[in-house]
Amino acid sequence: MQTGNDDRFVFYLGFDDTDTATSPKGTGRTIRDFCATLPGTVRLRAVLRHQLPKLPEIPYTSNNSSACAVLEADDPSLGRPIFEAATAYLAQHAPEGSDPGVCLAAAAGVDAGLVDFGLSCNAARVTQQAAMTAASAVSLAGVGGSNDGIIGAAAAVGLTRHGWCGRFIELGDMRRLPATVPVSELERLGIRVVSVDRDPLVPLPGDSVTTGGWLRPSLWAGQPVLQVRADGRGRWLAALGKRDGKAA
């Protein structure tokens, strides 16, 4: 994910395996709740959900998704306190039977090896040792159970840096927008609206997009992109809909 050119410091925080089959919250909601506890010196820029494969040989709770929060701060030394706060939060709040893991990296510190590791997690089962090797230059820890969560947590950081997968579950006031919203309002949030019809027109600022109250842009080229389909003159429908599962 592109981080912009400013004097603030950007961190990627990955969570995985923070729930069980009977717990009410998934990993996306858990990381959002943790970020709400951070002090004002650390600001939440976005949260992304990353889908990992649901293969018979891979243990997972429900949807095998991990999450990555994009945080910004004015001081690079805040990275260690964020990591320690995250591990303490999961130790206290992750339910018994979960296998939580956490990964924290400065955006500029995510190297090609960690990106490649994240991509490899989309193809087959990988090991904890592979995660630790790929994340050797950043902070990674298991917080309970089998510690398998370190795999998805590291993958979430690498995939966010990759910039071509995942979807935004938190971005500014995105969650408070109405079910139908002008393209111009989405652009104000930095969300690019792109038609995926076979013969696409270009969504214009005065057009409207119906999301059904479920707005989840994709991460494309390091930017939030909402895929839409035409629904008449000046009207668009979000191309991707909600799937049943735990709240994110």
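Source: prediction; values computed, not measured.

Engineer: Can you tell me about the overall build of the protein chain, naming the residues and giving the values?
Structural biologist: The helix and strand tally for the protein chain stands at six helices and 12 strands. Taken over C-alpha atoms, the radius of gyration comes to 18 Å for the protein chain, in line with the 18 Å a tight globule of 248 residues would show. For the protein chain, the spread of C-alpha atoms along the three principal axes comes to 55 × 45 × 30 Å. Within the protein chain, the proportion of its 248 residues that are buried is 47%. Charged side chains of the protein chain number 24 positive and 25 negative; the gap between the two group centres comes to 6 Å.

Engineer: I'd like a description of helix α2 (residues 79–93), backed by residues and values.
Structural biologist: Here α2 contains 15 residues, and its C-alpha end-to-end distance of 21 Å stays within 8% of the 21 Å for a straight helix at 1.5 Å per residue. All buried positions along α2 are accounted for by Gly79, Ile82, Phe83, Ala86, Thr87, Tyr89 and Leu90. The arc enclosing the buried residues of α2, seen along the axis, measures out at 160°, which places them on a common side. Of the residues in α2, the exposed ones pointing more than 90 degrees away from the buried face are Ala91 and Gln92. Those residues of α2 hidden inside the fold are in contact with β1 (9–16), α1 (27–35), β2 (42–51), β3 (65–73), β4 (101–106) and β5 (139–142).

Engineer: Go over unusual backbone geometry, please, and point to the residues and values.
Structural biologist: One non-glycine residue, Asn147, lies in positive phi territory at about 65°. Summarising the element assignment, Asn147 is placed in the loop between β5 and α5 (149–162). The partly exposed category is assigned to Asn147, whose relative accessible area is 26%. In the Ramachandran plot, Ala221 falls in the positive-phi region, its phi being about 50° despite a non-glycine side chain. Considering the arrangement of structural elements, one finds Ala221 in the loop between β10 (218–220) and β11 (223–230).

Engineer: Describe the packing of aromatic side chains, with residues and values.
Structural biologist: Counting across every chain of the model gives two aromatic pairs. When the ring of Phe15 is compared with that of Phe34, the centres are 5.8 Å apart and the planes differ by 40°; the resulting orientation is tilted. Of the two residues, Phe15 sits in strand β1 while Phe34 sits in helix α1, which places them 19 residues apart along the sequence. Connected via pairs of aromatic rings, a cluster forms that spans Phe15, Phe34 and Tyr89.

Engineer: I'd like a description of the packing of α1 against α2, backed by residues and values.
Structural biologist: Two quantities define a packed helix pair, namely the angle between the helix axes and the distance between the axes. Where α1 contacts α2, the two axes come as close as 11 Å, and the packing angle between them is 125°. Between α1 and α2, the angle is such that the two are oblique. The two elements α1 and α2 cross, and the hand of that crossing is right-handed. For the pair α1 and α2, the contacting residues are Thr30, Asp33 and Phe34 in the first and Ile82, Ala85, Ala86, Tyr89 and Leu90 in the second. For the contact of α1 with α2, the class distribution of residues is six nonpolar, one polar and one charged.

Definitions and cut-offs
- Per-chain numbering applies: the sequence of each chain, read as written, is numbered from 1 onward.
- For a predicted model such as this one, the threshold for reporting local features is a pLDDT of at least 70, and the threshold for listing and counting side-chain atom pairs is 80 or more; totals across whole chains, interfaces and linings nevertheless cover every residue.
- With hydrogens and water set aside, each side-chain value is computed from the structure's full complement of heavy atoms.
- Each helix corresponds to a stretch of at least 4 residues labelled H or I by DSSP, and each strand to a stretch of at least 2 residues labelled E; elements are numbered beginning at the N terminus.
- All radius of gyration figures rest on C-alpha atoms, and the globule criterion is 2.2 Å times the number of residues raised to 0.38.
- The rule is simple: take the accessible area with a 1.4 Å probe, protein chains only, and divide by the maximum for that residue type; under 20% is buried, over 50% is exposed, in between is partly exposed.
- In summary, the charge assignment counts Lys and Arg as positive and Asp and Glu as negative, without counting His or the chain termini.
- In this description, the location of a charge corresponds to atom NZ of lysine, CZ of arginine, CG of aspartate or CD of glutamate.
- The span expected for a helix works out to 1.5 Å for each residue beyond the first.
- In this context, the arc is that of the directions from the helix axis out to the C-beta atoms.
- Pairs of residues are marked as contacts when any of their non-hydrogen atoms sit within 4.5 Å.
- Stacked, edge-to-face and tilted are the three classes for Phe, Tyr and Trp ring pairs, Trp counted by its six-membered ring, which pair at centre distances within 6.5 Å; planes under 30 degrees apart are stacked, over 60 edge-to-face, the rest tilted.
- All axes are obtained by fitting lines to C-alpha atoms, using only the stretch in contact for helices, and the reported angles, taken between N-to-C directions, cover 0 to 180 degrees.
- Angle categories are assigned with fixed cut-offs, so that under 35 degrees is roughly parallel, over 145 is roughly antiparallel, 65 to 115 is roughly perpendicular, and the rest are oblique.
- Two helices that cross are described as forming a left-handed crossing if the nearer one is turned anticlockwise from the farther one by less than a right angle, and a right-handed crossing if clockwise.
- Three classes are used, and their members are as follows: Ala, Val, Leu, Ile, Met, Phe, Trp, Tyr, Cys and Pro are nonpolar, Asp, Glu, Lys and Arg are charged, and the others, Gly among them, are polar.

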